[in-house]
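The residues making up each chain are set out below.
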Amino acid sequence: MQDRSYKRRIYEIIEASHPDDKASRAYDILMYVAIIIGVLPLTLKHQNKYSILIDLVTLGLFIFDYVARLYTADYKMGYKSIRSYIAYFFKPMAIVDLLSILPIFNYIFPHISFIAVLRVFRVLRLLKLARYSRTMVAIVNVLKSVRRQLLAVLVITLIYIFMSAMIVFQAEPDLFENFFDAVYWSTISITTIGYGDIAPVTVMGRLITIISSLVGVAIIALPSGIITAAYISEIKRKKSDHEVKHL
C-alpha cells in the first residue's frame, strides 16, 4: 500500500502541477528550464565543452522524466495492468519523449556517422512544453477535439494542391522542369506566400494563379476558425465546471 502511494505521489509531481502542489510546481519549472536550455546547443554551429555539458545534464533529466512517466503509466492510463504500460509507450507524447532522448547515442557511439542524425531530435524537446502548463494542456485538448475537422481541411488542401499543380503543369509545361516544381508552385500559391521564383507568363497560367490564391485564402482561414471556436468552447466549459465546484 505504501509503495502504491509513493508511486501515486511520483505521478502527481510529474504531471501538470496543481496550484497548491509546490513539489509538482517546482518540477514543472525545472523541466521548463531544462527544455529551453536543452535546445540551445542547436543554435551553435560547433559544439564546445559547455554545450556538451548542457546536453548531457538535460539528457539526464529527460531520461529520468521518461522513466518516471513509464513507471507511473498505470495511473496515467487509468487501469492497472501490463497493458497500460504498453499503451502508454505508443502515446504520441511518450514517443516524443523517447525520440528526444535518443541523442544520448551520439555520446555512446561517437564514431558511427549515421547516428549523428539523431541530434535533430533535440528540437522535439520543445513539444514537451505542452505538458507542463495547464494552458498548454488546454490547447492540446482543443486540438485533439477538432483533429477530425483539421484532418479534413488538410486532405482538402492536399487535393487542391495536386489538382492545381496538374492543371498548371499542363497549361505551362515550359515553366516547370518536373512535376515537383509544379507542386512547389501550387503550395506557395495556395498559402499566398508567392516567392516569385516560379511565375506563370501566360494568361491561362496567371488566371490559375489568381484562382489558387483566392482559394488559398479561404482554405487557410478554415483551421483558424475551427480552432478558435473549439478554444472558446473549452474556456466556457472550464468556467462552467469551476462555477459548479464553488456552488
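Here we summarise the structure given alongside this text. (Residues numbered from 1 in each chain as written. Predicted model: local features only at pLDDT ≥ 70, side-chain atom pairs only at ≥ 80, totals over all residues. Heavy atoms only, no water.)

Topic: the overall build of the protein chain
Point 1. Of the regular secondary structure elements, the protein chain holds 11 helices and zero strands.
Point 2. Listed by position from the N terminus, the elements making up the protein chain come as α-α-α-α-α-α-α-α-α-α-α.
Point 3. Scaling as 2.2 N^0.38, a compact globule of 247 residues should have a C-alpha radius of gyration of about 18 Å, whereas the protein chain reaches 24 Å, well beyond that.
Point 4. Expressed along its principal axes, the backbone C-alpha trace of the protein chain runs to roughly 75 × 60 × 30 Å.
Point 5. In the protein chain, which comprises 247 residues, the proportion classed as buried is 32%.
Point 6. For the protein chain, long-range pairs separated by at least 24 residues make up 60% of all intrachain contacts whose partners lie at least 6 apart in sequence.
Point 7. Summed over all atoms, the accessible surface of the protein chain reaches about 15700 Å², with 71% contributed by carbon and sulfur. (Helix = DSSP H or I, 4+ residues; strand = E, 2+ residues; numbered from the N terminus. Rg over C-alpha atoms; globule rule 2.2 N^0.38 Å. Buried < 20%, exposed > 50% of the residue type's maximum accessible area, 1.4 Å probe, protein only. Contact = heavy atoms within 4.5 Å. Areas by Shrake-Rupley, 256 points an atom, 1.4 Å probe, with all protein chains shown as cover.)

A few points about the packing of aromatic side chains
Aromatic ring pairs are described here by two measures, namely the spacing of the ring centres and the angle between the planes.
Point 1. The final tally for this structure, using the stated rule, is five aromatic pairs.
Point 2. Ring centres 5.2 Å apart and planes at 85° place the aromatic pair Phe-89 and Phe-90 in the edge-to-face group.
Point 3. Ring centres of Phe-169 and Phe-179 lie 5.7 Å apart, and the angle between their planes is 80°; this geometry places the pair in the edge-to-face category. Here Phe-169, found in helix α9 (residues 147–171), pairs with Phe-179, found in helix α10 (residues 179–190); they are 10 residues apart in sequence, far enough to count as distant.
Point 4. Residue Phe-179 is classed as partly exposed on the basis of its relative accessible area, which comes to 28%.
Point 5. Feature note: the residues Phe-162, Phe-169, Phe-176 and Phe-179 constitute an aromatic cluster, connected by ring pairs.
Point 6. The ring of Tyr-71 is capped by Lys-7, whose NZ or CZ atom sits 4.8 Å from the centre of that ring.
Point 7. Lying across the ring of Tyr-75, Lys-80 places its NZ or CZ 3.2 Å from the centre. (Phe/Tyr/Trp six-rings, centres within 6.5 Å; stacked < 30°, edge-to-face > 60°. Lys NZ or Arg CZ within 6 Å of the ring centre and 35° of its normal.)

Side note on the layout of surface pockets
Point 1. Size it by volume and the largest pocket reaches roughly 590 Å³.
Point 2. Breaking the lining of the largest pocket down by element, the ones donating at least two residues are α1 (2–14), α6 (92–101) and α8 (134–145).
Point 3. By residue number, the principal contributor to the lining of the largest pocket is α8, which donates five residues.
Point 4. Grouping the amino acids of the lining of the largest pocket by side-chain chemistry returns 12 nonpolar, two polar and seven charged. (1 Å grid on protein atoms, 1.4 Å probe; cavity = no way out; pocket = protein on both sides within 12 Å on 5 of 7 lines; lining within 4 Å. Points joined across faces, edges and corners; volume = space filled by probe spheres on them. Nonpolar A, V, L, I, M, F, W, Y, C, P; charged D, E, K, R; others polar.)

Considerations on the side chain of Thr-209
Point 1. Counting through the fold element by element, Thr-209 comes out in helix α11 (residues 203–245).
Point 2. With relative accessibility at 18%, the residue Thr-209 sits in the buried group.
Point 3. With near-sequence residues (within four places) excluded, Thr-209 lies in contact with Trp-185, Ser-189 and Pro-200.

Considerations on helix α2 (residues 22–38)
Point 1. If you check α2, its first and last C-alpha atoms are 24 Å apart, about what 17 residues at 1.5 Å a residue would give, namely 24 Å.
Point 2. Along α2, the residues classified as buried are Ser-24, Tyr-27, Asp-28, Met-31, Ala-34, Ile-35 and Gly-38. On an axial view of α2, the arc spanned by its buried residues comes to 130°, and they lie on one face.
Point 3. One side-chain oxygen of the residue at the start of α2 lies 3.3 Å from the amide nitrogen of Ala-23, identifying that residue as Asp-21. (Expected span 1.5 Å × (residues − 1). Arc of directions from axis to C-beta. Polar contact = N/O pair within 3.5 Å; in protein donor to acceptor, adjacent residues only side chain to side chain.)

Quick word on the pattern of salt bridges
Point 1. Enumeration over the complete set of coordinates arrives at 12 salt bridges.
Point 2. Of the charged contacts in the structure, one is a salt bridge between Glu-15 and Arg-69, with a shortest N-O distance of 3.0 Å. Linking Glu-15 in the loop between α1 and α2 with Arg-69 in helix α3 (residues 49–71), this pair joins segments that are 54 residues apart in sequence.
Point 3. When its relative accessible area of 17% is taken as the criterion, Glu-15 is described as buried.
Point 4. Residues participating in the shared-partner salt-bridge network are Glu-15, Asp-65, Arg-69, Lys-76, Asp-97 and Lys-128. (Salt bridge = Lys/Arg side-chain N within 4 Å of Asp/Glu carboxyl O.)

Topic: α10
Point 1. For α10, with 12 residues, the first-to-last C-alpha span of 16 Å sits near the 16 Å given by 1.5 Å per residue.
Point 2. Taken together, the buried positions of α10 are Ala-182, Val-183, Trp-185, Ser-186, Ile-188, Ser-189 and Ile-190.
Point 3. Capping the start of α10 is the job of one residue whose side-chain oxygen sits 3.1 Å from the backbone nitrogen of Phe-180: Asn-178.
Point 4. Once α10 finishes, Thr-192 follows within two positions and takes phi at roughly 60°, a positive value.

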